[in-house]
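Residue strings, one per chain:
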Amino acid sequence: MQPVLELRQVVKDFPGHGIAQYRAVDNVSLELARGGFYSLLGPSGCGKTTTLRMIGGFEHPTAGDVLLNGAVVNALRPFERDVSTVFQSYALFPHLTALGNVEFGLREHKVANRRTRAMRALELVQLTGKHDRTPAQLSGGEKQRVALARSIVLEPQILLLDEPLAALDPKLRKEMRSELKAMQRKTGITFLFVTHDQEEALSMSDKVAVMNRGRIEQFGTPEEVYLRPATRFVAGFLGAINWFGNAGVRPESTRISRHKPDGVPCRRAAVESSLFFGNRVHLNSVLDEGGRAVAELPHEQSHFAEGEPVWIHWEPADELHFE
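Anyway, here's the lowdown on the structure attached to this text. (Residues numbered from 1 in each chain as written. Predicted model: local features only at pLDDT ≥ 70, side-chain atom pairs only at ≥ 80, totals over all residues. Heavy atoms only, no water.)

**Here's the deal with the packing of helix H2 (residues 98-108) against helix H3 (residues 114-124)**
Piece 1. One can describe the packing of H2 onto H3 by two numbers: an axis separation of 9 Å at closest approach and a directional angle of 125°. Here H3 runs oblique to H2, going by the angle between their axes. Both H2 and H3 take part in a crossing whose hand is right-handed. Note on element contacts: H3 touches H2 through Arg114, Arg115, Arg117, Ala118, Met119, Ala121 and Leu122, opposite Ala98, Leu99, Val102, Glu103, Leu106 and Arg107.
Piece 2. For the contact of H2 with H3, a count of residues per class yields 8 nonpolar, no polar and 5 charged. (Axes fitted to C-alpha atoms, helices over the stretch in contact; angles between N-to-C directions. Helix = DSSP H or I, 4+ residues; strand = E, 2+ residues; numbered from the N terminus. Parallel < 35°, antiparallel > 145°, perpendicular 65-115°, else oblique. Left-handed = near helix turned anticlockwise from the far one by under 90°. Contact = heavy atoms within 4.5 Å. Nonpolar A, V, L, I, M, F, W, Y, C, P; charged D, E, K, R; others polar.)

Written out as structure tokens, the structure is:
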């Protein structure tokens, strides 16, 4: 089946400060199948937002092609592409009601039954009873829902989401994750979500593209990129990791005991501190050979004193190795 989106060796250069140019996106190729939830994940400055802006038509590639449904769209302006974007700032019209904001795009496209479609979109984001309120009368989470409804109502081939949860408080962010995934499943629209938050990408996505320094280092399911990272960068960015020589071990696979274990790799250490997270404890230790390690333990297994000598150990099957 033809991918809904394809990037072919896309490059984006910007003028540099004191140098000829700065390469924000470096030879990126990617294919997205229709109807999935995808994320571009990476640290600030890795090129993920620039990539999203080229897909949306807000930036033009220096080299390479952006294809929607098999057709190159490099020369098309944003409103000429069957793509909609939800920005971090929401970009709502302050003088229009929630309904008016959602209807706006339909009006511009001269779509019939605008009110019916807009009300259906507001129902999807659970704002039916607040359709007549202006943005000033809505909470941050409600504004985000209006912005989503305004984009979803257009039924685009792809919905681009540029860190849309960044301005929300932590509790609301977690609630919106579930809602976003449910919306994607209900509508069948392909979602492409940009974030620097590993938990957001892993919890919502069918597949994640991990970016670093303008390149995609790995594209795979959340399980693949977390459990079988392709590079040392991906392993470290997707979550905490303990390094024992060339082997990496996740904290949840790291064990700690008072007696030397038999038949498994281990290191001598001393307990440094513990951090309580409710359902789990992070026990921090200093290795005798130098360096530190973190073991994630159930609360009932975490009763060690600061300075107590211990053994850090793990199963060989849990090791991550990179060239």
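**Concerning unusual backbone geometry**
Piece 1. The backbone phi angle of Asn27 is positive, close to 60°, even though this residue is not glycine.
Piece 2. Among the structural elements, Asn27 can be located in strand E2 (residues 22-32).
Piece 3. Phi is positive for Asn113, close to 55°, though the residue is something other than glycine.
Piece 4. A residue is classified by how much of its surface remains accessible, and Asn113, at 58% relative accessible area, is exposed. (Buried < 20%, exposed > 50% of the residue type's maximum accessible area, 1.4 Å probe, protein only.)

**As for the environment of Gly47**
Piece 1. Assignment of secondary structure puts Gly47 in the loop between strand E3 (37-41) and helix H1 (48-56).
Piece 2. Among all residues touching Gly47, those that are not within four sequence positions of it are Ala24, Val25 and Met211.

**What to know about the sheet that holds strand E5 (residues 71-72)**
Think of a sheet as strands paired side by side through backbone hydrogen bonds, with each pair either parallel or antiparallel.
Piece 1. The antiparallel open sheet is built from 4 strands, whose spatial order is E2-E1-E4-E5. Looking at which strands have only one partner, the edges of the open sheet turn out to be E2 and E5.
Piece 2. Where strand E4 (residues 63-68) meets E5, 2 bridges bridge the pair, whose relative direction is antiparallel. Residue Leu68 lies in a different strand from E5, and its bridge partner there is Ala71.
Piece 3. Sheet contacts for H1: strand E1 (5-14), E2 and E4; angle to E1, the most-contacted strand, approximately 115°. (Pairing = 2+ DSSP bridges.)

**Describing the environment of Ile241**
Piece 1. By secondary structure assignment, the location of Ile241 is in the loop between helix H8 (232-237) and strand E11 (242-244).
Piece 2. When the C-alpha atoms of Ile241 and Met204 are compared, they prove to be 22 Å apart, with 37 residues separating the residues in sequence.
Piece 3. What Ile241 contacts, discounting residues up to four positions off in sequence, is Ala235, Gly236, Gly248, Val249, Arg250, Pro251 and Leu320.

**Regarding H2**
Piece 1. When you tally the buried positions in H2, you get 8 out of 11 residues, the bulk of the element.
Piece 2. Listing the buried residues of H2 in full gives Ala98, Leu99, Gly100, Asn101, Val102, Glu103, Gly105 and Leu106.
Piece 3. Phi for Lys110, located one or two positions after H2, is positive at around 55°.

**Section: the nonpolar core**
Piece 1. Grouped together as the largest cluster of nonpolar side chains are 34 residues, with contacts concentrated most on Val102, Leu122, Leu148, Leu161, Leu180 and Phe191.
Piece 2. Elements that contribute at least two residues to this core include exactly H2, H3, helix H4 (140-152), strand E7 (158-162), helix H5 (170-187) and strand E8 (190-195).
Piece 3. Considering every element that reaches this core, the biggest residue donor is H4, with 5 residues.
Piece 4. With residues near it in sequence (within four places) discarded, Leu122 still touches Ala98, Leu99, Val102, Leu127, Thr128, His131 and Ala149. (Core = buried A, V, L, I, M, F, W, Y, C linked by side-chain atoms within 4.5 Å.)

**Notes on H3**
Every α-helical turn comprises 3.6 residues, leaving residues that sit three or four positions apart pointing alike.
Piece 1. Taken residue by residue, H3 has Arg117, Ala118, Ala121, Leu122 and Leu124 as its buried positions. Summarising the axial view, the buried residues of H3 lie within an arc of 155°, below the 170-degree limit, and thus occupy one face.
Piece 2. The secondary structure elements touched by the buried residues of H3 are H2, H4 and H5.
Piece 3. At the exit of H3 stands Gln126, carrying a positive phi of roughly 60°. (Arc of directions from axis to C-beta.)

**With respect to the pairing of strand E14 (residues 266-276)**
Piece 1. In the sheet, E14 pairs with strand E17 (residues 309-313) via 5 bridges, with the strands oriented antiparallel. When the bridges of E17 are listed, Cys266 appears paired with His313.
Piece 2. Following E14, the chain reverses through 4 residues before pairing antiparallel with strand E15 (residues 281-287); Gly278 in that reversal takes a positive phi of roughly 85°.

**What to know about the environment of Glu319**
Piece 1. Position of Glu319 among the secondary structure elements: in the loop between E17 and strand E18 (320-321).
Piece 2. Polar contacts involving the side chain of Glu319 include one to the side chain of Trp314, which spans 2.9 Å.
Piece 3. There is a polar contact of 2.8 Å between the side chain of Glu319 and the side chain of His321. (Polar contact = N/O pair within 3.5 Å; in protein donor to acceptor, adjacent residues only side chain to side chain.)

**Examining the packing of aromatic side chains**
Piece 1. The tally for this structure, following the rule as stated, stands at 8 aromatic pairs.
Piece 2. Plain terms: the ring middles of Phe37 and Phe191 are 5.5 Å apart, the flat faces sit at 45° to each other, and that makes the pair tilted. Within this pair, whereas Phe37 is found in strand E3, its partner Phe191 is found in strand E8, the two being separated by 154 residues in sequence. We note that Phe37, like Phe191, is buried.
Piece 3. Where Phe244 meets Trp314, the ring centres are 4.1 Å apart and the plane angle is 10°; that geometry is what we call stacked. Separated by 70 residues along the polypeptide, Phe244 in strand E11 and Trp314 in the loop between E17 and E18 bring together distant segments of the chain. The pair formed by Phe244 and Trp314 is uniform in burial state, with each residue classed as buried.
Piece 4. Among the aromatic residues, those joined into a cluster by ring pairs are Phe37, Phe191 and Phe193.
Piece 5. Over the ring of Trp243 we find Arg232, and its NZ or CZ is 3.6 Å from the ring centre. (Phe/Tyr/Trp six-rings, centres within 6.5 Å; stacked < 30°, edge-to-face > 60°. Lys NZ or Arg CZ within 6 Å of the ring centre and 35° of its normal.)

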